[in-house]
Amino acid sequence: MSETPNPTQETSLCSVGRFAAGEDPVKREQILDGARSVFMRMGFDAASMNDVTREAGVSKGTIYVYFDSKEELFGALIEREKGRFTEFLRDILAESSDVRDGLRRFGIAFARHIIKSDMIPAMRILLGVVDRMPGLCKRFFASAPANARTVLRTFIEQQVEAGALKVEDTDLAARQYIELATGQFFRQRLFGEMIAPPEETEVEYVVDSGLKVFMAAYGTGARADS
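Residues numbered from 1 in each chain as written. Predicted model: local features only at pLDDT ≥ 70, side-chain atom pairs only at ≥ 80, totals over all residues. Heavy atoms only, no water.

Participant: Quick one: what's the story with the pattern of salt bridges, residue by residue and with numbers?
Facilitator: Within the structure shown, the criterion is met by 21 salt bridges. We note a salt bridge from Arg 90 to Glu 87, for which the minimum N-O separation is 3.1 Å. Taken together, the positions of Arg 90 and Glu 87, both in helix H5 (residues 70–94) and three residues apart, correspond to about one turn of that helix. Judged by relative accessible area, Arg 90 falls into the partly exposed class, the value being 36%. Salt bridges sharing partners connect three or more residues here, namely Glu 29, Asp 33, Arg 36, Arg 80, Glu 81, Arg 84 and Asp 118. (Salt bridge = Lys/Arg side-chain N within 4 Å of Asp/Glu carboxyl O. Helix = DSSP H or I, 4+ residues; strand = E, 2+ residues; numbered from the N terminus. Buried < 20%, exposed > 50% of the residue type's maximum accessible area, 1.4 Å probe, protein only.)

Participant: Hey, could you go over the packing of helix H7 (residues 119–129) against helix H10 (residues 170–190) for me, with residue numbers and the actual values?
Facilitator: Running from N to C, H7 and H10 cross one another at 60 degrees; their axes reach a closest spacing of 10 Å. Viewed along their axes, H7 and H10 adopt a mutual orientation that is oblique. Our pair here, H7 against H10, has a crossing hand that is right-handed. On the side of H7, the interface is formed by Ile 120, Pro 121, Met 123, Arg 124 and Leu 127, while H10 contributes Phe 186, Arg 189 and Leu 190. When its residues are assigned to classes, the contact of H7 with H10 shows six nonpolar, no polar and two charged. (Axes fitted to C-alpha atoms, helices over the stretch in contact; angles between N-to-C directions. Parallel < 35°, antiparallel > 145°, perpendicular 65-115°, else oblique. Left-handed = near helix turned anticlockwise from the far one by under 90°. Contact = heavy atoms within 4.5 Å. Nonpolar A, V, L, I, M, F, W, Y, C, P; charged D, E, K, R; others polar.)

Participant: Describe the packing of H5 against helix H6 (residues 99–116), and please don't skip the residues or the numbers.
Facilitator: Direction vectors running N to C along H5 and H6 enclose 155 degrees, while the axes themselves pass 9 Å from each other. Considering the angle they form, H5 stands roughly antiparallel to H6. Read as a crossing pair, H5 and H6 show a hand that is right-handed. Two secondary-structure elements touch here, H5 through Phe 85, Phe 88, Leu 89, Ile 92 and Leu 93 and H6 through Gly 102, Arg 105, Phe 106, Ala 109, Phe 110 and His 113. For the contact of H5 with H6, a count of residues per class yields eight nonpolar, two polar and one charged.

Participant: Quick one: what's the story with the packing of aromatic side chains, residue by residue and with numbers?
Facilitator: Within the structure shown, the criterion is met by eight aromatic pairs. Ring plane angle 15 degrees and centroid distance 5.9 Å describe the contact between Phe 39 and Phe 44, whose orientation is recorded as stacked. Comparing Phe 39 with Phe 44, the two get one shared label, buried. Measuring from centroid to centroid gives 5.0 Å for Phe 214 and Tyr 218, while their planes differ by 55 degrees, and the two rings are tilted. Note that Phe 214 and Tyr 218 are positioned in helix H11 (residues 200–218) at a spacing of four residues, about one turn of the helix. Neither residue differs from the other here; Phe 214 and Tyr 218 are each classed as buried. (Phe/Tyr/Trp six-rings, centres within 6.5 Å; stacked < 30°, edge-to-face > 60°.)

Here's what the structure looks like:
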């Protein structure tokens, strides 16, 4: 004869695997995925929280448990995408064989991101609201906890310690290399001059040229493991 479940035990068992309101990472990602689609399609001003709820397949009550406003939702989306790309670049640099290999791979990855990802469309959205909501732009360009520039700066500092580079201002050097390797593609895409994505050979040519200039300024001629 089976035992009758204790109501307290039953409640406890049903609660296993559940998250407190607003803390389910899967649900949060679902909302952010829906927001990404809506914002990229409609822009910030035209998009509404109702549009996001429909796209994400959640209720309006649910979305406000996770995000208080459209601005907070867009800011969280920016930080998620920035964080993912930052970790990707960190892995690239960690796996590099030496300073030239690391800088080259970083430059090519950054250029491809500018050319193919939603980074530039997102920046256009931010520029459209910067006067009304400057906080959003600050979140996009913030260096904390990390972004592409700070990851590169750390790599440069490591190469200085290893004797492969001679740099006094590593933050400036990181900015300079990003500009040398990717600035051309950034401006072309931001201002709509890039009608079609460049060939991979052009990307490599521009990055290699920037790397040559950077190493001429900061290289020591020594080869060091990353």
